Amino acid sequence: MRRTTTRRGLLAAAAALAPLPTVAQAAYPDRPIRLIMPFPAGGSSDTHARAFADAMGRELPQRMVVDNRSGAGGNIGVDAAAKSPADGYTLLATGPNIINTRYLIRDTPFRWERDFDPLGMMFSAPNVLVVHPSVPARTVPEFIAHARANPGRVNFGSAGAGGSIHLSAEMFMDMTGTQMVHVPYRGDALLRADLTTGAIQVLFGGITTALEPIRAGQWRALGVTGPTRWPALPDLPTVAETLPGYSVTSWMGLFAPKGVPAPVVARLRDAFDKVMANPANIAEFEKLGVQVTPSSAAEHLAFMQIEERRWTPILSRIEPQ
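Residues numbered from 1 in each chain as written. Predicted model: local features only at pLDDT ≥ 70, side-chain atom pairs only at ≥ 80, totals over all residues. Heavy atoms only, no water.

A. Highlighting the packing of helix 3 (residues 44-59) against helix 11 (residues 262-277). With their axes 9 Å apart at the nearest point, helix 3 and helix 11 run at an angle of 115° to one another. Helix 11 is crossed by helix 3, and the crossing has right-handed handedness. Between helix 3 and helix 11, the contacting residues are Phe52, Ala55, Met56 and Glu59 on the first element and Arg267, Leu268, Ala271, Phe272, Lys274, Val275 and Met276 on the second. For the contact of helix 3 with helix 11, the residue count by class is eight nonpolar, no polar and three charged. (Axes fitted to C-alpha atoms, helices over the stretch in contact; angles between N-to-C directions. Helix = DSSP H or I, 4+ residues; strand = E, 2+ residues; numbered from the N terminus. Left-handed = near helix turned anticlockwise from the far one by under 90°. Contact = heavy atoms within 4.5 Å. Nonpolar A, V, L, I, M, F, W, Y, C, P; charged D, E, K, R; others polar.)

B. Representation of unusual backbone geometry. A cis geometry characterises the amide bond from Tyr28 onward to Pro29, with omega recorded as -10°. With respect to the secondary-structure elements, Pro29 resides in the loop between helix 2 (23-27) and strand 1 (33-37). Geometrically, the link from Leu60 to Pro61 is a cis peptide bond, its omega value of -15° lying close to zero. Within the secondary structure, Pro61 sits in the loop between helix 3 and strand 2 (64-68). We note that Ala72 has phi near 55°; this positive angle belongs to a residue other than glycine. The residue Ala72 is located in the loop between strand 2 and helix 4 (75-82) in this model.

C. The packing of aromatic side chains, seen in detail. Applying the stated criterion to the full structure yields eight aromatic pairs. Connected via pairs of aromatic rings, a cluster forms that spans Phe143, Phe172, Phe204 and Tyr246. The ring of Tyr89 is capped by Arg31, whose NZ or CZ atom sits 3.6 Å from the centre of that ring. (Phe/Tyr/Trp six-rings, centres within 6.5 Å; stacked < 30°, edge-to-face > 60°. Lys NZ or Arg CZ within 6 Å of the ring centre and 35° of its normal.)

D. Structural detail: helix 11. Over its 16 residues, helix 11 extends 22 Å from the first C-alpha to the last, a length consistent with the 22 Å expected when each residue adds 1.5 Å. For helix 11, the full list of buried residues reads Val264, Leu268, Arg269, Ala271, Phe272, Val275 and Met276. Taken down its axis, helix 11 places every buried residue within 165° of arc, on the same side. Counted as exposed and oriented over 90 degrees from the buried face of helix 11: Ala262 and Ala277. (Expected span 1.5 Å × (residues − 1). Buried < 20%, exposed > 50% of the residue type's maximum accessible area, 1.4 Å probe, protein only. Arc of directions from axis to C-beta.)

Set out below in structure tokens:
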């Protein structure tokens, strides 16, 4: 007897031949997600990353756990993220160091454009130029004059080579023709302590963690590094009011190891968009002293390319460590 093929049979056969999603993609996320933060706990970057991770955990819903992997100007944490499986269970929250340390630290093992997919911009904030009260300067012009009169004798600290704190000082020296000595630290805690005691004299510090010692009179604020004055310090001028064209902001973006499957990226982006559009989250982030600056993945990639072109001329003149 001749067999006939029914419509139901054809559909069943097609379903059997269709590729099945992997378990990881179909169930994602079915376990906590690790968010690598390449700087120590307690600093401004860590504080911002933890607030973001908490909000993402509420949307996914799976916990997003911050894993601090500090050292080498952020290179240790970034390299750990680059070498992680591209399955969406290890992500990276970081800023300018992912671009800039290749110019400042010899044998940097990763390349952001080769090893990472930018998923979206999160936050930005200016730094603030502060000095120990023993420094005989109360304005940016007075500090420029002091630094010019003391080449190689003024020390500035940073939380590691290649971050926005370091870059703020490098652009300042480039534009003013001054020569200060860079003292890199592993993180914020000892850096803040040494500025408070006068072991270092200058810091272009994150505005979030600088507010308390400024208000306590432990540090003297001279100028904001961003293009406009900052609401938390409305009477403090920008550095650009003395040096037209000077502008440095700290930023944080979300990255994944290169090659995370598209359905996983789509799930992450859906949660990301909801987090960054939620008024309650925005209010919480702004209380930490940052501006919420969400972007698409494509906009994040374009921003990275622009930043690299912007900083290469300055960074290429610095002797790598």
